[in-house]
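A structural walkthrough
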Amino acid sequence: MRRDGADVGWSLVVPLKPLVRAKSRLSGAAGEEFRPHLALAFALDTVTAALACKDVRDVAVVTDDGMAGERLAALGARIVPDTPAGGLNAALAHGAGAVRARRPGAAVAALNADLPALRPAELELVLHSASLFPRAFLADASDFGTTLLTATSGVELEPAFGGPSRARHLASGARELTTPGVPSVRRDVDTGEDLLAALALGVGPHTARQAPRLAGGAPAGAEAPGGAARPLPPQVRASGA
């Protein structure tokens, strides 16, 4: 949505590292073998929820991971190769450029790929608030990093993610959003404690099916003895809820 109120829809840019390198800080909680599966589940739930948001026109995922790209493309995302290979912010700038090469007037937003509890309705509230400013951002749950950065039509995204990105985005002139009631948009997952907090909010189905493995159990939804499906854990919610 433009600041003049005309509804044009946001194009979201979601960066995703190759899964073998993604979410390295979760190794202690998830283990090296399982960690890539969890990172993919986060991205699948994030993109599913983003595409279900009424204010989102499309989602571009910047990644060089072939398997993740196939799974995310099947959801309806556009896959943009990370040709700069220059890190997170270079990938985001490249993704925004790819979006605007097709749609020059696009309002673009960079969204973290590790928001497994993301609710479309909460994302809609944040994007509506963001439409009032040329550039805006939402801090993560720790008030240290950033989960969303937006730029309206004709404005450069200027991403400064990583580490204390809240302070850097503030210094760059982006407006900090204080939209109430949007915990799922702020709840990124880097550590085991973050994952527990996301589970408490209620995660999407891909993450919920993987989460039982953290305790050494079989994934929910897998076949139990006798052929019956194992019940999903109570944290699961329907995609798009």
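Please read all numbers here as calculations on a predicted model, not as lab measurements. (Residues numbered from 1 in each chain as written. Predicted model: local features only at pLDDT ≥ 70, side-chain atom pairs only at ≥ 80, totals over all residues. Heavy atoms only, no water.)

**Examining the side chain of Arg100**
In this fold, Arg100 is placed in helix α4 (residues 88-102). Despite being buried, Arg100 has no salt bridge partner; Glu156 is the closest side chain of opposite charge, sitting 4.4 Å away. For Arg100, the side chain forms a polar contact with the main-chain oxygen of Thr152, separated by 3.1 Å. (Helix = DSSP H or I, 4+ residues; strand = E, 2+ residues; numbered from the N terminus. Buried < 20%, exposed > 50% of the residue type's maximum accessible area, 1.4 Å probe, protein only. Lys, Arg positive; Asp, Glu negative; His and termini not counted. Salt bridge = Lys/Arg side-chain N within 4 Å of Asp/Glu carboxyl O. Polar contact = N/O pair within 3.5 Å; in protein donor to acceptor, adjacent residues only side chain to side chain.)

**Focus: the confidence of the model for the chain**
On average, the chain scores 88 in pLDDT, and the residues at 70 or more come to 85%. The low-confidence segment residues 1-7 (pLDDT under 50) makes 14 contacts with residues lying over four places distant or belonging to another chain. Contacts from residues 216-233, a stretch scored under 50 in pLDDT, to residues over four places away or in other chains number 27 contacts. (pLDDT = per-residue confidence, 0-100. Contact = heavy atoms within 4.5 Å.)

**Regarding the layout of surface pockets**
Quantified by volume, the largest pocket comes out at close to 950 Å³. Lining the largest pocket are 35 residues; nearest its centre among them are Lys17, Lys23, Leu88, Asp114 and Asp190. Going through the elements one at a time, α2 (35-51) and α4 are the ones with two or more residues in the lining of the largest pocket. (1 Å grid on protein atoms, 1.4 Å probe; cavity = no way out; pocket = protein on both sides within 12 Å on 5 of 7 lines; lining within 4 Å. Points joined across faces, edges and corners; volume = space filled by probe spheres on them.)

**Section: the pairing of strand β4 (residues 107-111)**
Of all the five residues making up β4, five are buried; the element is thus mostly covered by neighbouring parts of the structure. Residues Ala107, Ala109 and Leu111 point to one face of β4 and Val108 and Ala110 to the other, with burial holding for every one of them. Relative to β4, strand β1 (residues 10-15) runs parallel, the two sharing four bridges. In the strand pairing of β4, Ser11 is matched with Val108. As paired elements, β4 and strand β6 (residues 146-151) share four bridges and run antiparallel to each other. Residue pairing in the sheet places Leu111 in a bridge with Leu148 of β6. (Pairing = 2+ DSSP bridges.)

**So, the sheet that holds strand β3 (residues 78-80)**
Across the sheet, which stays open at both edges, the seven strands sit in the order β3-β2-β1-β4-β6-β5-β7 with mixed pairing between neighbours. Edge positions in the sheet fall to β3 and β7 (175-176), since each has one partner strand and no second. The pairing of strand β5 (residues 135-139) with β6 spans five bridges and is antiparallel. Among the inter-strand pairings, Arg135 is bridged to a residue of β6, identified as Ala151. Strands β1, β2 (56-62) and β4 of the sheet are contacted by α2, whose axis makes an angle of about 155° with β2. With respect to the sheet, α4 is in contact with β1, β2, β3, β4 and β6, its orientation differing from that of β1 by roughly 150°. (Axes fitted to C-alpha atoms, helices over the stretch in contact; angles between N-to-C directions.)

**A closer look at unusual backbone geometry**
The phi angle at Lys23 is positive, at roughly 55°, despite the residue not being glycine. Positionally, Lys23 belongs in the loop between β1 and α1 (27-30). We classify Lys23 as buried; its relative accessible area is 17%.

**Focus on the environment of Arg25**
With respect to the element layout, Arg25 can be found in the loop between β1 and α1. Accessibility expressed as a relative area gives 57% for Arg25, which makes it exposed. Sequence separation of Arg25 and Val189 is 164 residues, and the distance between their C-alpha atoms is 9.4 Å. Ignoring any residue separated from it by four or fewer positions in sequence, one finds Arg25 in contact with Asp190 and Thr191.

**Thoughts on the pattern of salt bridges**
As enumerated under the stated definition, the model contains seven salt bridges in all. Residue Arg166 is joined to Glu176 by a salt bridge in which the shortest nitrogen-to-oxygen separation is 2.9 Å. Linking Arg166 in helix α6 (residues 165-171) with Glu176 in strand β7, this pair joins segments that are ten residues apart in sequence. Of the charged contacts, one joins Arg187 and Asp194 as a salt bridge, the two residues approaching to 3.0 Å between their closest N and O atoms. Across this residue pair, the class does not change: Arg187 and Asp194 are buried. Here the residues in one salt-bridge network are Lys23, Arg25, Asp114 and Asp190, joined through shared partners.

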